[in-house]
Amino acid sequence: MKNILVTGATGQIGSELIPVLRDKYGNQAVVAAGHSRDPDTELAEAGPFCKLDVRDAAGIEQVVAHYRIDAIFHLASLLSAVAEREPQLAWDININGLINVLDVARGRGCAVFFPSSIGAFGPLTPAENTPQDTIQHPNTMYGITKVSGELLCGYYHKRYGVDTRGVRYPGLISYKTPPGGGTTDYAVEIFYSALKHGRYECFLAADTRLDMMYMPDAIEAAIRLMECDGQRLMHRNGYNVTAMSFSPADITREIKKHIPDFTVDYKVDPVRQGIADSWPRHMDDSVARKEWGWQPQFDLPDTVADMLQHLSNRLTTS
Ligand code: SER
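As a starting point, this report considers the structure included with it. Bear in mind the structure is a predicted one, so any value in this text is a computation, not a measurement. (Residues numbered from 1 in each chain as written. Predicted model: local features only at pLDDT ≥ 70, side-chain atom pairs only at ≥ 80, totals over all residues. Heavy atoms only, no water.)

Regarding the site of the ligand
Neighbouring the ligand are the residues Leu79, Ser80, Ser117, Tyr142, Gly182, Thr183, Thr184 and Trp279. Within the side chain of Tyr142, a nitrogen or oxygen atom sits 2.9 Å from an oxygen atom of the ligand. Between an oxygen atom of the ligand and a main-chain N or O atom of Thr183, the distance comes to 2.6 Å. Out of a free accessible area of 240 Å², the ligand has 92% covered by protein chains. For the shell around the ligand, the class distribution of residues is three nonpolar, five polar and no charged. (Near = heavy atom within 4 Å. Polar contact = N/O pair within 3.5 Å; in protein donor to acceptor, adjacent residues only side chain to side chain. Areas by Shrake-Rupley, 256 points an atom, 1.4 Å probe, with all protein chains shown as cover. Nonpolar A, V, L, I, M, F, W, Y, C, P; charged D, E, K, R; others polar.)

Following this line, the structure appears as structure tokens:
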């Protein structure tokens with residue numbers, strides 16, 4: 001990778017991936033492309049930033065040609081709860097946007113990173129130790145776009161030789177940019193509420209266990225996969241990756257070790273509970289560990305301690 005384009009640059013993953021890529025590859029070598037949110041000053045001023053709607057194929061082509069891009073981290077996507085509210089829009093952004101990126105990548109010889117998700121599984125998938133290769137019949141629009149995205153990336157690799165690579169991310173926890181409209185967002189919101197109000201109203205039931213990951217591990221996964229020798233990759237797209245598996249009750253117990261008076265009430269949102277109930281509890285990520293050396297660093301106690309420390313600093317200085 002020499003010149004890198006990141007779509008969805010102002011989103012939860014993009015806003016943290018870009019500074020790490022710029023440290024490694026140089027500020028001018030990493031082009032941040034955002035659409036719906038305004039970039040923060042650091043993102044917009046440290047290196048190139050452009051407004052880009054991934055549904056605009058000509059716009060992608062122009063940016064890729066102008067900056068002589070050879071690798072695209074294609075992060076622009078609607079998350080699960082928003083996609084249930086606006087399924088047609090989710091298809092348009094998540095699938096037509098991806099096809100546009102893949103076509104430009106094909107024409108211009110770019111590698112492509114595509115983030116799939118635990119959402120690419122469904123109610124028929126084994127929920128415990130979910131295998132790398134298993135039944136994928138999602139019953140949400142988000143999941144349908146993610147499993148279709150995995151298949152499209154596989155197709156462009158096999159048919160046109162595009163160097164597509166991807167992981168199936170679990171819920172991602174971070175303090176820099178909030179996620180927008182996901183089912184696993186409770187695991188981020190809970191920290192803000194704990195610090196600001198000492199209480200939280202959770203939209204998932206207390207025992208809803210899901211795979212999760214702290215953002216530094218998610219960034220490391222994307223970069224490590226894109227940098228590894230492609231010959232080692234037997235599974236081109238959608239590697240299972242996870243770092244921990246917990247429920248709202250588990251994370252509450254861990255936060256209470258730091259904030260003993262913290263309390264959680266449960267007001268279950270049937271839509272998001274239904275989505276969560278269709279997802280794995282714990283994925284088997286041994287294939288990623290074997291093929292490209294995936295190794296997470298943060299477990300639940302590490303994540304909670306680090307989140308509370310960073311967020312309390314941010315909240316006191318803002
Ligand atoms: N975090 C995502 C969501 O909840 C799952 O990939 O939509």
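Considerations on the packing of aromatic side chains
Under the definition given, this model contains nine aromatic pairs. Note on Phe73 and Phe113: the rings are 5.6 Å apart at their centroids and 40° apart in plane angle, and the pair reads as tilted. Taken together, the residues Phe73 in strand 4 (residues 71–74) and Phe113 in strand 5 (residues 111–117) connect sequence positions 40 residues apart. Accessibility expressed as a relative area gives 0% for Phe73, which makes it buried. Phe113 sits in the buried class, given a relative accessible area of 0%. Centroid distance Tyr214 to Phe298: 4.9 Å. Interplanar angle 70°. Geometry classified as edge-to-face. In this pair, Tyr214 is assigned in strand 10 (residues 210–214) and Phe298 in the loop between helix 11 (286–292) and helix 12 (300–317), connecting sequence segments 84 residues apart. (Phe/Tyr/Trp six-rings, centres within 6.5 Å; stacked < 30°, edge-to-face > 60°. Helix = DSSP H or I, 4+ residues; strand = E, 2+ residues; numbered from the N terminus. Buried < 20%, exposed > 50% of the residue type's maximum accessible area, 1.4 Å probe, protein only.)

A short note on the packing of helix 1 (residues 14–25) against helix 8 (residues 215–227)
Interaxial distance between helix 1 and helix 8 falls to 10 Å at its minimum, and their mutual angle equals 50°. Relative to helix 8, helix 1 is oriented oblique. Judged by the twist between their axes, the crossing of helix 1 over helix 8 is right-handed. In contact with Glu16, Leu17, Val20, Leu21, Lys24 and Tyr25 of helix 1, helix 8 contributes Met215, Ile219, Ile223 and Glu227. In terms of residue class, the contact of helix 1 with helix 8 is made up of seven nonpolar, no polar and three charged. (Axes fitted to C-alpha atoms, helices over the stretch in contact; angles between N-to-C directions. Parallel < 35°, antiparallel > 145°, perpendicular 65-115°, else oblique. Left-handed = near helix turned anticlockwise from the far one by under 90°. Contact = heavy atoms within 4.5 Å.)

Considerations on helix 5 (residues 87–108)
Along its 22 residues, helix 5 runs 31 Å from first to last C-alpha, staying within 8% of the 32 Å computed at 1.5 Å per residue. Taken residue by residue, helix 5 has Ala90, Ile93, Asn94, Ile95, Gly97, Leu98, Asn100, Val101, Leu102, Val104 and Ala105 as its buried positions. Gly109 sits one or two residues past helix 5 and shows a positive phi near 70°. (Expected span 1.5 Å × (residues − 1).)

A few points about the sheet that holds strand 8 (residues 171–173)
Hydrogen bonds between backbone atoms are what pair the strands of a sheet, whose relative direction is either parallel or antiparallel. Across the sheet, which stays open at both edges, the three strands sit in the order 8-10-12 with mixed pairing between neighbours. The open sheet has two edge strands with one neighbour each: strand 8 and strand 12 (244–246). Looking at each pair of strands side by side, their axes are set apart by 45° on average, direction ignored. Judged from the three bridges that link them, strand 10 and strand 12 form a sheet pairing that is antiparallel. Among the inter-strand pairings, Asp211 is bridged to a residue of strand 12, identified as Ser245. The strands that helix 12 touches are strand 8, strand 10 and strand 12; relative to strand 10, the one it contacts most, it runs at about 50°. (Pairing = 2+ DSSP bridges.)

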